[in-house]
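# Observations on chain architecture
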Amino acid sequence: TVDAAVSNDLFYFNHVPIRLDNLVITAPDGSTVQPQNGFTGKFRSVFDVELKQQGTYRLASVNSGLFASWEEDGKPKRWRGSVATFNEVPANAKNLQVSQSVGRIETFVTNGAPNATALAPTNKGIELVALAHPNDLFAGESATFRVLVDGKPTAGLEFEIVRGSTRYRNAQDEIKATTDAKGEFTVTWPEAGMYWLETGTQDNKTSVKQAKQRRLSYVATLEVLPQ
């Protein structure tokens, strides 16, 4: 059973739920699995995943969309949607401004022995490739990750890594890391617990010519076990 939410305190449900419309669950054999018993409340969404297969599942909320603003009869107009529905914006819109966003929020669950089939990159947006398995992390040990943008290792991406339970301590105790020339960074886990990893960037590689900028974001939740 998975809880999914946007919160002000890590892993404490106090803001808004994550919508389940863009949920993609990849099974250990690479197939797509449908969630069960999905429910969205005021502060969080909940769904079940039946782990029928042995191996690692990738659970991701994948978001890709466009935002447009323009003037019509002297009044501001706004639109939000997908590349496929962009034709809803008037072709002759005055002072049209368009931006594109591509984001991924994900975690990993392993039943039995881990495997890597579900971890294969989709080559869309920012993705994290664990050079060790993401369900094989232990306090006091180091883990190295390679970061891809559209399938290519990317240098200079800044990560913020925060252990959970921030609600019960006075400092975030965040860890900062930046990808090197190979698109990699290494983190040593200070203690066991749930961790939140986040990065973002922007470029001009948009899917529609009217959009001049693309915003990319990535968030992962990882569990670090005690030694």
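Residues numbered from 1 in each chain as written. Predicted model: local features only at pLDDT ≥ 70, side-chain atom pairs only at ≥ 80, totals over all residues. Heavy atoms only, no water.

## Here's the deal with the overall build of the chain
The criterion, for reference: Note on conventions: DSSP H or I runs of at least 4 residues are helices, E runs of at least 2 residues are strands, and numbering of each starts at the N terminus. Two things to know: the radius of gyration comes from C-alpha atoms, and the globule rule equals 2.2 Å times the number of residues to the power 0.38. The cut-offs for exposure are 20% and 50% of the maximum accessible area for each residue type, with area from a 1.4 Å probe on protein chains only; residues under the lower value are buried, those over the upper are exposed, and the others partly exposed. Two residues form a contact once any of their heavy atoms are found within 4.5 Å.
Helix and strand counts for the chain stand at 0 helices and 17 strands. The globule rule puts the C-alpha radius of gyration for 227 residues at 17 Å, and the 19 Å found for the chain is close to it. Each of the three principal axes of the chain carries a C-alpha extent, and together these read 65 × 45 × 40 Å. Counting every position in the chain, which comprises 227 residues, the buried fraction comes to 35%. Within the chain, counting contacts between residues at least 6 apart in sequence, those at least 24 apart form 64% of the total.

## Describing unusual backbone geometry
Across residues other than glycine, the phi torsion is negative in most instances, and most of the peptide bonds are trans. Despite not being glycine, Asp73 shows a phi value in the positive range, around 55 degrees. Locating Asp73 in the fold gives a position in the loop between β7 (55-72) and β8 (75-81). On the accessibility criterion, Asp73 (76% relative accessible area) is exposed. Phi is positive for Ser165, close to 70 degrees, though the residue is something other than glycine. Mapped onto the fold, Ser165 is located in the loop between β13 (158-163) and β14 (175-178). Classification of Ser165 by relative accessible area gives partly exposed; the value is 42%.

## Some remarks on the pairing of strand β1 (residues 2-6)
Condition: Only when DSSP finds a minimum of two bridges between them are two strands counted as paired.
Bridging between β1 and strand β6 (residues 45-48) involves 3 bridges; their strand directions are antiparallel. Residue pairing across strands places Asp3 opposite Val46, the latter belonging to β6. One ladder, built from 2 bridges, connects β1 with strand β2 (residues 16-17); its direction is antiparallel. Bridging from a neighbouring strand, Ala5 pairs with Pro17 of β2.

## Comments concerning the nonpolar core
To keep things clear, this is the line we draw: Put simply, a nonpolar core is a bunch of buried Ala, Val, Leu, Ile, Met, Phe, Trp, Tyr and Cys residues held in one set by side-chain atoms that sit within 4.5 Å of each other.
Counting residues in each nonpolar core, the largest one holds 25 residues, and the members touching the most others are Leu128, Phe145, Phe159, Ile161, Phe185, Trp189 and Leu197. By size, the runner-up hydrophobic cluster in this structure holds 10 residues, among which are Leu66, Trp70, Trp79 and Ala93.

## Overview of the sheet that holds strand β5 (residues 36-40)
Pairing is antiparallel in the open sheet, where 4 strands are placed in the order β2-β1-β6-β5. Both edges of this open sheet fall to β2 and β5, since each of them pairs with a single strand only.

## Side note on the side chain of Arg58
Note the cut-off: Pairs of N or O atoms within 3.5 Å make up the polar contacts considered here, provided that, within protein, one atom can donate a hydrogen while the other can accept it, and that residues adjacent in sequence are counted only when both atoms are side-chain atoms.
Residue placement: Arg58 occurs in strand β7. Judged by its relative accessible area of 4%, Arg58 is buried. Polar side-chain contacts of Arg58 include one of 3.1 Å to the side chain of Glu127.

## Some words on the packing of aromatic side chains
Note the following rule: Pairing of aromatic rings covers Phe, Tyr and Trp, the last through its six-membered ring, and needs centres within 6.5 Å; plane angles under 30 degrees mean stacked, over 60 mean edge-to-face, and all others mean tilted. Geometrically, a lysine NZ or arginine CZ counts as sitting over a ring once it is within 6 Å of the ring centre and also within 35 degrees of the ring normal.
Evaluated as defined, the whole model comprises 5 aromatic pairs. Here the aromatic rings of Phe145 and Phe185 are separated by 5.4 Å at their centres, their planes lie at 25 degrees, and the arrangement is stacked. Highlighted residues: Phe145 in strand β11 (residues 142-149) and Phe185 in strand β15 (residues 184-188), separated in sequence by 40 residues. In this structure, Arg167 packs its charged tip against the face of Tyr12, placed 3.8 Å from the ring centre.

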